[in-house]
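Analysis of the macromolecular model
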Amino acid sequence: MVNRLAQSQSLYLRKHAENPIDWWPWCDDALEAARRDNKPIFLSVGYSSCHWCTVMEGEAFSDSEIATYLNANFLPIKVDREERPDLDSIYMQALQMLVGQGGWPLNIFLSPDDLVPFYGGTYFPVEPRYGRPGFLKLLEILRNLYDTDQPKVGAVKAQILETLQQSTLLPADDNLSTELLVRGLATSVKILLPSGQGTSFPMIPYGLSALRSIRWVEPTDELNPEEICLRRGVDMALGGIYDHVAGGFHRYTVDPNWTVPHFEKMLYDNGLIMEYLADLWSQGHQEPAFERAVAGTVQWLKREMWAGYFYAAQDADSFVTPNDVEPEEGAFYVWRETELRELLTDAEFADLNADFFISAEGNFEGNIVLQRQQPGALKPGTESALQKLFAVRYGQPALATFAPAIDAHAAKNSAWPGRIPPVTDTKMIVAWNSLMISGLARAAAVFNQMEYLDLAVEAAQFILENQWINGRFHRLNYDGAPAVLAQAEDYALFIKALLDIQQASLGLSKGIAADWLAHAKNIQAEFDQWLWSDVANGYYNTASDVSESLLIRERSYQDNATPAANGVAIASLIRLFLLTEDLTYLDHAEKALKSFSIVMEQATRACPTLFQALDWYRHHTLVRTHAENVTKLSRSYLPTVVLVHQNLSDGEAGLVCRGLSCRKSAMSVEEMMEQIVMSQQRDKIR
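All figures in this text were calculated on a predicted structure; none of them were measured in a lab.

**So, the nonpolar core**
Core analysis: the largest hydrophobic core is formed by 166 residues, its most contacted members being Phe 135, Tyr 276 and Phe 494. Residue contributions to this core peak at 13 residues, all from helix α17 (residues 430–447). Non-local contacts of Phe 135, meaning those with residues more than four positions away in its chain, are made with Phe 42, Met 56, Ala 60, Phe 61, Ile 66, Phe 109, Phe 124, Pro 125 and Val 126.

Take a look at the structure:
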C-alpha cells in the first residue's frame, strides 16, 4: 500500500511513499482539507541525502501505531526543501525561534487556518532518548494542547508571527562606507579561524569574502587573512572531506581536524569549493593538491553526476550487501588496513602510508578515511595505489561514466561490478547547477582547461533550452521535464553563471557560440519583473504570483552553505552595468545595498555575500584591453574587475575604467596592472 507521494517526482518524497502515514504534498488541496477537518498540520521538511531524515523515515514514519494516531489527528505534509527552499526558509526561521536551533528533518506543527506554527523540532525518536520525547507521546500532548488550550497556542503563534513579520521590515540606511566593508570582510576571516572543536564545514561564502579581505586587512599575529584562507584550502584538499580515490567533496567533517566526513556529496558544495580553490591558485598559491582536487572533482562530475546537466547529490549511506535492511554511512568510501595491505604491493603501501594517515585501528569505527599528511605532489606509488582502490570500489580500473543508483531498490538489485554505490538524487536544480557552472568557468580560466569550460557551457545551454514554460523560468528538471517556478536563488546564481562563462570565454579566447551577456540581460529582466520589490528594494525569494500561501514574503540576505540570493544578485547587477553601461543596473544595485545596510551593520556575521556585493559597488572596475592581455588577466585574482576585448591604438596596453570614468590609457602591461590594483583599492589609497 502506498500513499500520495508515490507519484511524486521528488526522490525524497518517494522515499516516504510506503510509509503508513497518509502523507500529502504541499498543495492547496492539503491546506483546504486541514481547514475543513480542523486538523493541525504536521509539516515535515527534509531532503534526499539527509541522514537523520532517512533514520526518521525508517523509524517513526514507518511505525503503524504512530501513523494511525497521526493520520486521525493531524494533516501530515511532506516537503522536499530542495524543491521549496522558500517554505523551508520560513519554517526553519520559526523553528529556531521555538527551540533555539534548527536542522533537518524540520518537523513543525501549524494551525490549519493561518499556517502559523505553534511547536517544532528536528529528529523525534520512536521511544524517548537523546533527551527527546517519544514521537507518539508528543503527538498526543500537542493534539490535546491544540484542543484544550487555544489561548496558549494563540500566544505562541502571535509571537512567532510578529517576529517573522518584523524580520521582513528592514529600515534603509545610507551607510555603504569603506569602514563597513572592511569590518565585514574581516569578520569573514575570523569565522574561518579553526575552532579546535566540533564539526568542520567548508563555509565557502565566508571564504570568498575572506579572500577579498587580503586587500584591506593588515596581517597580524592573531589575524592573517592570507594564511587563514590558504589554511582552509589546504584543509579541504588534504582532508577526509575530499574523496582522494574518485574525486568530489563530502558535505562536512564531524571533527575539527577535517578527518571523518559526513559522506554525502552535494553539488553546491563542490561548485563553491572549485571556485574557491581556483581563486587561491590565482592569488599565487599554486599548491599541487588544489589542482589535483579540482581535476578529480571534474572527473567525478563527468563520471557520476552528468546527464547534460548535473545531478543534485549523492547519499552518505550505502548498502554493504544486497541483503542489508539498512545502509551504512560511508560504506562506499572507507577501507580496512588489512584490506589495503592485501590490495597493494609493498612499495605502493609504503608510499600510501607516507602520504596518508594509515593505521591498523583506523580513524572511523575501525575503518580508514583517507586523509593526506602533507601538501605537495603525491608519490608515484601512491597514485598507483589510489588507482587500484578505485578499481575495487567501482569494479573497473577506469570509467568514463558510472550509471547512478536512482533509489534504494536500484542500489540493492543491480549487478554492481564493485561496491554498491550510494543513491544519487538525479534531479536538476538550477541554482546548484549554476554554482557548479561558475566553479567550472573560474577553474577553466585559472587552470587553462578548456574541458572545464566546455562542461560549464553544456550545462548552461541545457538550462537555457529546457527551463522555460510559457515564458517563465523553472527551478527543477526531472528527467527532461521542468518543474516548480524559479526562486530568487535560481535567477541570481544563473545570471552570475552566465556572466562567469562570458568572462572565462574571453580569457580562453574561445569562440562564443552563445551571446551570454544577452541571455543574462533577458533573465535579469524576468527576475526584475517577478521578484523585485519597488517598495522594500531587493529581491523576494518567490515570484509575486505564487506567494499567496506563504506566511511572509522573504528577501533572502543571510548566507548558509550557499550564498544568499540578494548578495549574488547585487554583484551581478554591477557587472551588468559595467558590460552594458546601463545605469539602471547600478541604480538597482545601490538601492538594494542600502535596503540591506542595516543588516550589514547589525548582523555582520550573517551576510558575507552582501559584503562581496559592497566590494563590487565601491571598487567596480572595467578593463578594456587586447585579447592576449585578457587571457593573462583572467588567471589573476581581480575580484572586482570585468574584462572586455578591445583593439586599442598602437602602443596602448589597456584602458582601466571605474564605471563610466576612465584613466588615461596605459602604455604598458605593467602600467595597466598598476592602475587595476589602484582601482580595486582606491578607497584605501586615499
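**As for the packing of aromatic side chains**
Within this structure, the stated rule accounts for 35 aromatic pairs. Measuring from ring centre to ring centre gives 6.3 Å for Phe 61 and Phe 135, while their planes differ by 70 degrees; the resulting arrangement is edge-to-face. Residue Phe 61 is located in the loop between α3 (51–58) and α4 (64–73), and its partner Phe 135 is located in helix α6 (residues 135–148); the two are separated by 74 residues in the primary sequence. With respect to burial, Phe 61 and Phe 135 carry one shared label: buried. With a centroid separation of 4.9 Å and an interplanar angle of 55 degrees, the aromatic rings of Trp 281 and Phe 447 are classed as tilted. You can see Trp 281 sitting in helix α11 (residues 267–282) and its partner Phe 447 sitting in helix α17, a full 166 residues away along the chain. Residue class for Trp 281 comes out buried when judged on its relative accessible area of 12%. Overall, the relative accessible area of 10% leaves Phe 447 in the buried class. One aromatic cluster in this structure is built from Trp 23, Phe 42, Phe 61, Phe 74, Phe 109, Phe 118, Tyr 119, Phe 124, Phe 135 and Tyr 146. Against the face of Tyr 394 rests Arg 303, its NZ or CZ located 5.1 Å from the ring centre.

**With respect to the environment of Gln 166**
Residue placement: Gln 166 occurs in helix α7 (residues 150–167). Under the relative-accessibility criterion, Gln 166 is labelled partly exposed at 46%. Measuring from C-alpha to C-alpha, the distance between Gln 166 and Leu 531 comes to 20 Å, with 365 residues separating the pair along the chain.

**Description of a negative patch on the surface**
On the surface, Asp 28, Asp 29, Glu 32 and Glu 548 cluster together into a negatively charged patch. Following the sequence through the fold, Asp 28 ends up in helix α2 (residues 28–37). Judged by its relative accessible area of 61%, Asp 28 falls in the exposed class.

**Description of the domain arrangement of the protein chain**
Domain assignment breaks the protein chain into domain 1 (4–168), domain 2 (179–305 + 313–425) and domain 3 (428–681). The gap between the C-alpha centroids of domain 2 and domain 3 is 28 Å. With both chains or domains summed, domain 2 and domain 3 bury close to 3600 Å², and 68% of this area falls on carbon and sulfur atoms. Measuring nitrogen to oxygen at the nearest pair gives 2.7 Å for the salt bridge that ties Asp 279 to Arg 442. Between domain 2 and domain 3 we count 17 residue pairs in polar contact (both at pLDDT 80 or more) in total. Of all the elements in the fold, those that place two or more residues in the side of domain 2 that touches domain 3 are α8 (178–191), α9 (204–213), α11 and α12 (288–304). Ranked by residues supplied to the side of domain 2 that touches domain 3, first place goes to α11 with 11 residues. The residue makeup of the side of domain 2 that touches domain 3, split by class, is 20 nonpolar, 9 polar and 8 charged.

**Some thoughts on the pairing of strand β5 (residues 117–121)**
The buried count for β5 comes to 4 of 5 residues, which makes it a mostly enclosed element. Note: strand β4 (residues 106–110) against β5, 4 bridges, orientation antiparallel. When the sheet's bridge partners are listed, Leu 110 is paired in β5 with Pro 117. Between β4 and the antiparallel strand that follows it, β5, lie 6 residues; Leu 115 among them carries a positive phi value of about 65 degrees.

**Section: unusual backbone geometry**
Peptide bonds are trans in most cases, and residues, glycine excluded, mostly fall at negative phi. Cis rather than trans, the peptide bond between Trp 104 and Pro 105 has omega equal to 5 degrees. For Pro 105, the position within the fold is in the loop between α5 (85–99) and β4. Phi at Glu 365 takes a positive value of approximately 55 degrees, unusual for a residue other than glycine. By the secondary structure assignment, Glu 365 is in the loop between α14 (346–355) and α15 (380–394).

**A look at the sheet that holds strand β12 (residues 424–425)**
The strands making up a sheet associate through backbone hydrogen bonding, with each pair oriented either parallel or antiparallel. Taken in spatial order, the 3 strands of this open sheet run β8-β9-β12, and their pairing is antiparallel. Whereas interior strands pair on both sides, the edge strands pair on one side only; in this sheet they are β8 (265–266) and β12. Taken together, the 2 bridges between strand β9 (residues 313–314) and β12 define a ladder with antiparallel strand orientation. Within the sheet, the bridge partner assigned to Ala 313 lies in β12 and is Asp 425.

**Examining the sheet that holds strand β17 (residues 621–625)**
Spatial ordering of the open sheet is given by β18-β17-β19-β20, a layout of 4 strands whose pairing is mixed. Each of the sheet's edge strands pairs with one partner strand only, and the pair in question is β18 (641–645) and β20 (661–662). Bridge count between β17 and strand β19 (residues 654–658): 4 bridges; the pairing is antiparallel. If you follow Arg 624 over to β19, its bridge partner there is Leu 655.

**Describing the packing of α9 against helix α10 (residues 225–238)**
It is the contact of α9 with α10, at a shortest axis distance of 8 Å, that shows an interaxial angle of 145 degrees. The handedness of the crossing between α9 and α10 comes out as left-handed. The residues of α10 that touch α9, namely those facing Ile 204, Gly 207, Ala 210, Leu 211 and Ser 213, are Pro 225, Cys 229 and Met 236. Tallied by class, the residues present in the contact of α9 with α10 amount to 6 nonpolar, 2 polar and no charged.

**Concerning the state of the cysteines**
As enumerated under the stated definition, the model contains 2 disulfides in all. Note that Cys 50 is cross-linked by a disulfide to Cys 53, the S-S spacing being 2.3 Å. One disulfide, between Cys 50 and Cys 53, carries an S-S torsion of 80 degrees and so falls in the right-handed class. In terms of burial, Cys 50 and Cys 53 fall into one category: buried. At a sulfur-sulfur separation of 2.0 Å, the disulfide partner of Cys 657 is Cys 662.

**What to know about the environment of Ala 293**
Looking at the element boundaries, Ala 293 is found in helix α12. Considered as a pair, Ala 293 and Pro 404 are 111 residues apart in the sequence and their alpha carbons are 22 Å apart.

Parameters at a glance
- Residues numbered from 1 in each chain as written.
- Predicted model: local features only at pLDDT ≥ 70, side-chain atom pairs only at ≥ 80, totals over all residues.
- Heavy atoms only, no water.
- Core = buried A, V, L, I, M, F, W, Y, C linked by side-chain atoms within 4.5 Å.
- Buried < 20%, exposed > 50% of the residue type's maximum accessible area, 1.4 Å probe, protein only.
- Helix = DSSP H or I, 4+ residues; strand = E, 2+ residues; numbered from the N terminus.
- Contact = heavy atoms within 4.5 Å.
- Phe/Tyr/Trp six-rings, centres within 6.5 Å; stacked < 30°, edge-to-face > 60°.
- Lys NZ or Arg CZ within 6 Å of the ring centre and 35° of its normal.
- Patch = residues over 30% accessible without salt bridge, like charges linked within 9 Å, V, L, I, M, F, W, Y side chains within 5 Å.
- Areas by Shrake-Rupley, 256 points an atom, 1.4 Å probe, with all protein chains shown as cover.
- Salt bridge = Lys/Arg side-chain N within 4 Å of Asp/Glu carboxyl O.
- Lys, Arg positive; Asp, Glu negative; His and termini not counted.
- Charge placed at Lys NZ, Arg CZ, Asp CG, Glu CD.
- Domains from an automatic or database assignment.
- Buried area = accessible area lost by both parts, 1.4 Å probe.
- Polar contact = N/O pair within 3.5 Å; in protein donor to acceptor, adjacent residues only side chain to side chain.
- Nonpolar A, V, L, I, M, F, W, Y, C, P; charged D, E, K, R; others polar.
- Pairing = 2+ DSSP bridges.
- Axes fitted to C-alpha atoms, helices over the stretch in contact; angles between N-to-C directions.
- Left-handed = near helix turned anticlockwise from the far one by under 90°.
- Disulfide = S-S within 2.5 Å.

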